[in-house]
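# Tertiary structure, described
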Amino acid sequence: MSRWKALPAELDPRVRQLLVRLRRLKDHNGLTMRQLAARTGYSAKSWERYLSGRSVPPRDAVEAMARICGDDAVRLLALHEVAVEAWRDKPSGTQEQATREQATREQSTREQSTREQSTQEQSAQEQGVTEPAVMEPALSDAAPPVPAGPEAVAPEPGTMPTRAAEGPRISRRSLSIALVAGCVALVLAASAAVFVAVRFVGDEKGGAPAPAGHAASTAAASPAATKAAYRCRLERIDGRWYAGNSRATDATVAYGDSGPQVAEVQCLLRRAGISPGGIDGMFGPLTMGAVERLQKQAHLDVDGIAGPNTWKALRG
């Protein structure tokens, strides 16, 4: 009997009930992941994802499992329907954990930026860099003191008194330090402005942590990280549509996945007149919603997962 990893503790009980049932059927019939993939049409990698609680298996996969294991298909499909509703209504523990990790990474990035700025300010203060003050020598209403003695010259009537002394001069070293500090402050301000602009554009396109399960992937580790760019180069070959990112026809792509197969799904969704958001290769909530709309139009099981039947509808 297989030694299974424990399912996530935060997993909804209704999803857990379905996965435990599927695990028992697999073990009872002595099936390996490869045998299961060969007899159901879903890859071993997909079954590993389903049975570990990272996504809910599609209806066709559950029905195929019931058929090859001799189980009651009606009961198993009823459990599957309840599990799909639970998965859609409330994010799973894996998704919540990814959300927390993404928030922690963003908080760490903000704190690091604050510490760097504080270090720069403290360094400038230690070097004695201050804002150069404009020293205006005081003007006296009275005439300057006239030196005593025969050589003393009295000011002529009607003339303005001269200043007693010039203001302090700023040394070249102090001026150079002030200019360097000003350049550093300008670079930091420009970097902060670029970071805010990038974050704003990402939020406008729907690219930032959604009920993460993705996350940020997050892909997303630091503000300097960038997403892979994908393009849609649509062409029709042997009666099927391709967008130039992947030629997959039966791979399973689900919420939280990323890469060229996801970009291919997004391009084909856009070709079908359904917007998945941006073509960024990230299977987030917008892409999942677009897949569900396509499945509804094609009269398929609406589970938000791009499986073999959904690929067929996309490429048709």
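Use the structure listed above.
Residues numbered from 1 in each chain as written. Predicted model: local features only at pLDDT ≥ 70, side-chain atom pairs only at ≥ 80, totals over all residues. Heavy atoms only, no water.

### As for empty space enclosed by the protein
Applied cut-off: In this analysis, the protein atoms alone were mapped onto a 1 Å grid. Cavities are point sets where a 1.4 Å probe fits without being able to get out; pockets are open sets with protein on both sides within 12 Å along at least five of seven lines; lining residues have an atom within 4 Å of a point. Grid points are joined across faces, edges and corners, and a volume is the space filled by probe spheres set on the points. Here a helix means four or more residues in a row that DSSP labels H or I, a strand means two or more in a row labelled E, and each is numbered from the N terminus. Under the grouping applied here, Gly and all other residues not named as nonpolar or charged are polar, the nonpolar ones being Ala, Val, Leu, Ile, Met, Phe, Trp, Tyr, Cys and Pro and the charged ones Asp, Glu, Lys and Arg.
Under the counting rule described, the total for this entry stands at one cavity of 30 Å³ or more. Taken as a whole, the largest cavity spans an internal volume of roughly 140 Å³. Taken together, 13 residues make up the lining of the largest cavity; nearest its centre are Val56, Trp87, Met288, Asp303 and Ile305. The biggest single contributor to the lining of the largest cavity is helix H5 (residues 73-89), with three residues. A per-class count over the lining of the largest cavity returns seven nonpolar, three polar and three charged.

### Focus on the packing of helix H9 (residues 260-271) against helix H10 (residues 285-297)
Counted only if it meets this: Axis lines are fitted through C-alpha atoms, for helices just across the contact stretch, and the angle between N-to-C directions can take any value from 0 to 180 degrees. By the definition adopted for this analysis, an angle is roughly parallel if under 35 degrees, roughly antiparallel if over 145, roughly perpendicular if from 65 to 115, and oblique otherwise. Crossing handedness: left-handed means the near helix sits turned counterclockwise from the far one by under a right angle, and right-handed means the same turn made clockwise. Note on definitions: a residue-residue contact is assigned when non-hydrogen atoms from the two residues lie within 4.5 Å.
H10 packs onto H9 with a crossing angle of 50 degrees between their chain directions and a minimal axis gap of 11 Å. With respect to their mutual orientation, H9 and H10 come out oblique. Judged by the twist between their axes, the crossing of H9 over H10 is left-handed. Between H9 and H10, the residues in contact are Val265, Gln266 and Leu269 and Thr287, Ala290, Val291 and Leu294, respectively. Classifying every residue of the contact of H9 with H10 gives five nonpolar, two polar and no charged.

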